[in-house]
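Tertiary structure, described
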Amino acid sequence: MVTRGEIPIGKNVIVTDEFGNKLTSTYPKRAKGLIKNGRAERVGENEIRLIGCSVMPCTEDNMNNTYTTNINDAENLSTVTIVPETGEVIENTETAENTGEPAPAKNTARRLFFEPRSWKPAKDVESTVSSRSFISNPFGEGLIEAYTIGDWNWNWSVIETADMTLEKNTDYEFIFWLNGGENEPANEVCKLEVIFDNDYEDRYTYNLNRDFIRYEKHFKGWYLYRIPFNTGNACYTKLQLIAMRAYTTFIKAEDPESYIGLPAGVPPVGVPQRHNIVFKDGFPANASWSYRALGEKALNNNTHTPKDFKFFGENHFERNERKSRFEDSESMERNIESVLYEFEEGIRDRLNGALTDDVIDEVIHNQDVESIKEQIIQQLKDSLNI
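These figures come from a predicted structure and were not determined experimentally. (Residues numbered from 1 in each chain as written. Predicted model: local features only at pLDDT ≥ 70, side-chain atom pairs only at ≥ 80, totals over all residues. Heavy atoms only, no water.)

**Quick look at the overall build of the protein**
Check the secondary structure of the protein and you find seven helices and 21 strands. The contacts of the protein with a sequence gap of at least 6 include a subset with a gap of at least 24, amounting to 66%. In the form shown here, the protein has an accessible surface area of approximately 21,700 Å², with 48% of it arising from carbon and sulfur atoms. (Helix = DSSP H or I, 4+ residues; strand = E, 2+ residues; numbered from the N terminus. Contact = heavy atoms within 4.5 Å. Areas by Shrake-Rupley, 256 points an atom, 1.4 Å probe, with all protein chains shown as cover.)

Right, dumping it as structure tokens:
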């Protein structure tokens, strides 16, 4: 430590974690404040050791994970990010004392941000469907890395962080952008789980679909979430993102304050599922509520609610009547016949010029079209209980 009467020269005090790993350097005055407040102890003339702050051992399971530990004292020590691969500690903010600029307003909750390369498929979940890739940045030019999990099938898909060492009894926020996570039948799973000390029974669960949790901001089909949790007395914290029956895509978010100038869009209402980037226009093209059917303006203005859906409460919907599109079985049959007629005409158009008309008629009508038609109609009747 710097003795009385000496003039401090820059950040000449080494800061280590409780295992002796070098984290960063700091100013003598800040080091003295840490010792005074019981957050560090002196281990050498110009070296202090933080109490309760450590870097996880660098193993194969956690090499790609970034662990964030925030240390705040009366003199406003910077928030730091610890990178296990290198042992590097990145100071995210500077104080007014060191930069000459006004210090940023303190946030009561410490922040964790989604980093695609810090997540891996859960080893104990064999059904996971996941893909990490670059996509067009929805907020500007260039590309951004994304993680997509789940599909339209019953594949329970889970990605997770390694066990993180966070400060005990501390409020955190997990911040990220989400797209998708819903399907038309409303039987999907889309949620975040926070697990402490591998105690799955005592986990926190946050449903990210159907407006169970209010999003922070919406922009072109993307939803900004900031999910709060408290670490309690846990030594280790793990985050899991889970999806089933709906493609769900996550990308990194910046501080929510940085999006103040981003135009806020109101997501369309009256549609059975959220915008999903797996579709060309965000919604399935063959749906009665798609961009193709209604146009982007109709969806953006929230002017249309499909007649076969009705809302109850604030965030759920159900089928109004199973046969609302077909008032009776005859009407449904006429619709099916019309579709089959268009299909038959499509075949004719494709074969036109390659075969003569009499050969085309023979190819089409020698098939048992009537039998196929009856089977389709009967299956639809059974599924709709008509």
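**Brief notes about the pattern of salt bridges**
Taken as a whole and judged by the stated rule, the model has 16 salt bridges. Between Lys 238 and Glu 160 there is a salt bridge; the shortest N-O distance is 3.8 Å. Taken together, the residues span a long stretch of sequence, with Lys 238 in strand 18 (residues 237–244) and Glu 160 in strand 12 (residues 157–160) at a distance of 78 residues. You can call Lys 238 buried: its relative accessible area is 16%. (Salt bridge = Lys/Arg side-chain N within 4 Å of Asp/Glu carboxyl O. Buried < 20%, exposed > 50% of the residue type's maximum accessible area, 1.4 Å probe, protein only.)

**Considering the nonpolar core**
Phe 174, Phe 176, Leu 192, Leu 208, Phe 229 and Leu 241 are the most contacted members of the largest nonpolar core, which has 28 residues in total. Apart from the residues lying within four places of it in its own chain, the contact partners of Phe 229 are Leu 112, Leu 166, Thr 170, Asp 171, Tyr 172, Phe 174, Val 194, Phe 196, Tyr 204, Tyr 206, Thr 237 and Leu 239. Membership of the second largest hydrophobic core comes to 12 residues, among which are Ala 146, Trp 222, Ile 251 and Leu 262. (Core = buried A, V, L, I, M, F, W, Y, C linked by side-chain atoms within 4.5 Å.)

**Details of the packing of aromatic side chains**
According to the stated counting rule, one finds 18 aromatic pairs in the structure shown. Ring centres 4.5 Å apart and planes at 40° place the aromatic pair Phe 139 and Trp 177 in the tilted group. Linking Phe 139 in the loop between strand 10 (130–136) and strand 11 (143–149) with Trp 177 in strand 13 (residues 171–180), this pair joins segments that are 38 residues apart in sequence. Residue classification places Trp 177 among the buried positions, given a relative accessible area of 0%. A cation sits over an aromatic face here: Arg 245 above Trp 154, 4.4 Å from the ring centre. For Arg 274, the ring lying beneath its charged end belongs to Tyr 223, and the centroid distance is 4.9 Å. (Phe/Tyr/Trp six-rings, centres within 6.5 Å; stacked < 30°, edge-to-face > 60°. Lys NZ or Arg CZ within 6 Å of the ring centre and 35° of its normal.)

**A closer look at the confidence of the model for the protein**
When pLDDT is averaged along the protein, the result is 75, and 61% of the positions lie at 70 or above. In the predicted structure, residues 93–105 sits below a pLDDT of 50 and forms 18 contacts with residues beyond four places in sequence or in another chain. With pLDDT under 50 throughout, residues 303–328 is counted as low confidence; its partners more than four residues away or in other chains account for 52 contacts. (pLDDT = per-residue confidence, 0-100.)

**Some words on helix 1 (residues 28–36)**
For helix 1, the full list of buried residues reads Pro 28, Arg 30, Ala 31, Gly 33 and Leu 34. Directly beyond the C-terminal end of helix 1, a positive phi value near 75° is found at Gly 38.

**With respect to the sheet that holds strand 3 (residues 40–44)**
Strand pairing within a sheet occurs via backbone hydrogen bonds; the two strands may be parallel or antiparallel. Read from one edge of the open sheet, four strands run 2-1-4-3, paired in mixed fashion. On the outer flanks of this sheet lie strand 2 (22–26) and strand 3, each paired with one strand and no other. Taking the axes of each pair of neighbouring strands and ignoring which way they run, one obtains an average angle of 30° across the sheet. Summarising the sheet, strand 3 and strand 4 (residues 47–50) pair through four bridges and their orientation is antiparallel. Bridge pairing links Ala 40 to Leu 50 in strand 4. (Pairing = 2+ DSSP bridges. Axes fitted to C-alpha atoms, helices over the stretch in contact; angles between N-to-C directions.)

**Focus on the sheet that holds strand 12**
Taken in spatial order, the five strands of this open sheet run 9-12-18-14-15, and their pairing is antiparallel. Every interior strand has two partners, whereas the edge strands, strand 9 (120–121) and strand 15 (199–207), have only one. Relative to strand 12, strand 9 is paired through two bridges, and the arrangement is antiparallel. Within the sheet, the bridge partner assigned to Lys 120 lies in strand 12 and is Glu 160.

**Considering the pairing of strand 15**
Examined bridge by bridge, strand 14 (residues 189–196) and strand 15 share five bridges and lie antiparallel to one another. In the strand pairing of strand 15, Val 194 is matched with Tyr 204. Count of turn residues in the strand 14/strand 15 antiparallel hairpin: two residues, of which Asp 197 carries a positive phi of about 50°.

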